Amino acid sequence: MAKIALFGATGSIGTLVLREALGRGHDVTAVVRDPAKPVDSGAEVLRGDVLDPHSVAEAAAGRDVVVSAIGPGSGDPGVLVTAAKSLIGGVCTLGPDVPRPRVIVVGGAGSLRTPEGPLVSEAAGVAEPVRALMHAHGEALDFLRTVPVEEVRWTCLSPAAQIGPGERTGTYRLALDDLIVDVDGRSHISAEDYAVALVDEIERDAHPGRRFTIGY
Ligand SMILES: NC(=O)c1ccc[n+]([C@@H]2O[C@H](COP(=O)([O-])OP(=O)(O)OC[C@H]3O[C@@H](n4cnc5c(N)ncnc54)[C@H](OP(=O)(O)O)[C@@H]3O)[C@@H](O)[C@H]2O)c1
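Small disclaimer: the values here were computed from a predicted structure and weren't measured.

### Quick notes on the state of the cysteines
Each disulfide consists of one covalent bond between the sulfur atoms belonging to two cysteines. Using the criterion set out here, one finds zero disulfides in the structure. There is no disulfide at Cys 92, and the cysteine sulfur nearest it, in Cys 156, is 17 Å away. On the basis of relative accessibility, which here comes to 4%, the residue Cys 156 falls in the buried class.

What follows is the structure, encoded as structure tokens:
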């Protein structure tokens with residue numbers, strides 16, 4: 001059983017990560033800005049803000065893994081970069097007496113390479129607000145890649161190009177930086193299977209210091 005602190009537990013992806021982790025018997029603390037908002041029963045709730053490194057350190061102390069499933073909503077996508085820096089900065093304040101937990105970040109698909117060659121974010125027809133979100137996820141990933149795993153054991157999980165509510169099949173394919181497409185050329189994953197893959201990573205620690213992606 002892993003002790004997990006989860007930022008973004010009230011979001012659409014975070015809710016499913018929380019449910020998947022609790023269902024597998026992990027000890028999950030939902031770190032939320034507003035404790036009045038409902039989260040799945042079974043989780044401990046802690047007030048916190050991912051943009052505050054002190055808050056991250058408080059949430060991270062005594063946990064094995066810190067997961068961030070935060071998103072900017074309709075606000076500034078730049079918070080994704082600030083959040084990545086705050087997560088690493090907060091975790092780095094721990095030690096040597098308190099072990100540093102691993103950090104797993106929910107990423108975006110924009111920085112994945114398509115089978116045709118360009119990045120997903122460079123494809124024609126991507127709306128400007130979506131492109132800005134993709135670039136912010138890319139910048140957050142660029143920052144994480146500067147962090148040596150000896151300092152913080154981080155991982156970023158990018159979804160397929162399309163992710164949404166669907167079925168929990170428990171099966172998916174893995175890649176590192178290349179977009180996964182199915183035989184019909186479609187890149188997709190249900191949010192439920194994304195949560196399965198994220199909790200698999202919590203349990204397996206298979207991609208330290210790397211971004212990886214999943215799809216059908
Ligand atoms: N859903 C998709 O289609 C999709 C596709 C690709 C990538 N992603 C990425 O996946 C991530 C999650 O997406 P989502 O759709 O689940 O987002 P969402 O439903 O909008 O949820 C965002 C979550 O982030 C939390 N949050 C925001 N700022 C925070 C802060 N400063 N401190 C603590 N928590 C904070 C929110 O908490 P509050 O309840 O306090 O607001 C909420 O729980 C995003 O980064 C998104 O870009 C999503």
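That covers the picture; the talk isn't over yet.
### Structural notes on the pattern of salt bridges
Inspection of the entire model under this criterion finds twelve salt bridges. As a salt-bridge pair, Asp 40 and Arg 19 come within 3.2 Å of each other at their nearest N and O atoms. Taken together, the residues Asp 40 in the loop between strand E2 (27-32) and strand E3 (44-47) and Arg 19 in helix H1 (residues 12-23) connect sequence positions 21 residues apart. In this structure, Arg 131 and Glu 128 form a salt bridge, with 3.6 Å as the shortest nitrogen-oxygen distance. Of the two residues, Arg 131 and Glu 128 both sit in helix H4 (residues 128-144), three residues apart, roughly one turn of that helix.

### Some details on the packing of helix H2 (residues 53-60) against helix H3 (residues 79-92)
Between H2 and H3, whose axes approach to 7 Å, the crossing angle comes to 55 degrees. Looking at the two axes, H2 sits oblique to H3. Crossing angle aside, the handedness with which H2 passes H3 is right-handed. In this structure, H2 contributes Pro 53, Val 56, Ala 57 and Ala 60 to the contact, and H3 contributes Ser 86, Leu 87, Gly 89, Gly 90 and Val 91. Split by residue class, the contact of H2 with H3 holds six nonpolar, three polar and no charged.

Here is what the cut-offs are and how they apply
- Residues numbered from 1 in each chain as written.
- Predicted model: local features only at pLDDT ≥ 70, side-chain atom pairs only at ≥ 80, totals over all residues.
- Heavy atoms only, no water.
- Disulfide = S-S within 2.5 Å.
- Buried < 20%, exposed > 50% of the residue type's maximum accessible area, 1.4 Å probe, protein only.
- Salt bridge = Lys/Arg side-chain N within 4 Å of Asp/Glu carboxyl O.
- Helix = DSSP H or I, 4+ residues; strand = E, 2+ residues; numbered from the N terminus.
- Axes fitted to C-alpha atoms, helices over the stretch in contact; angles between N-to-C directions.
- Parallel < 35°, antiparallel > 145°, perpendicular 65-115°, else oblique.
- Left-handed = near helix turned anticlockwise from the far one by under 90°.
- Contact = heavy atoms within 4.5 Å.
- Nonpolar A, V, L, I, M, F, W, Y, C, P; charged D, E, K, R; others polar.

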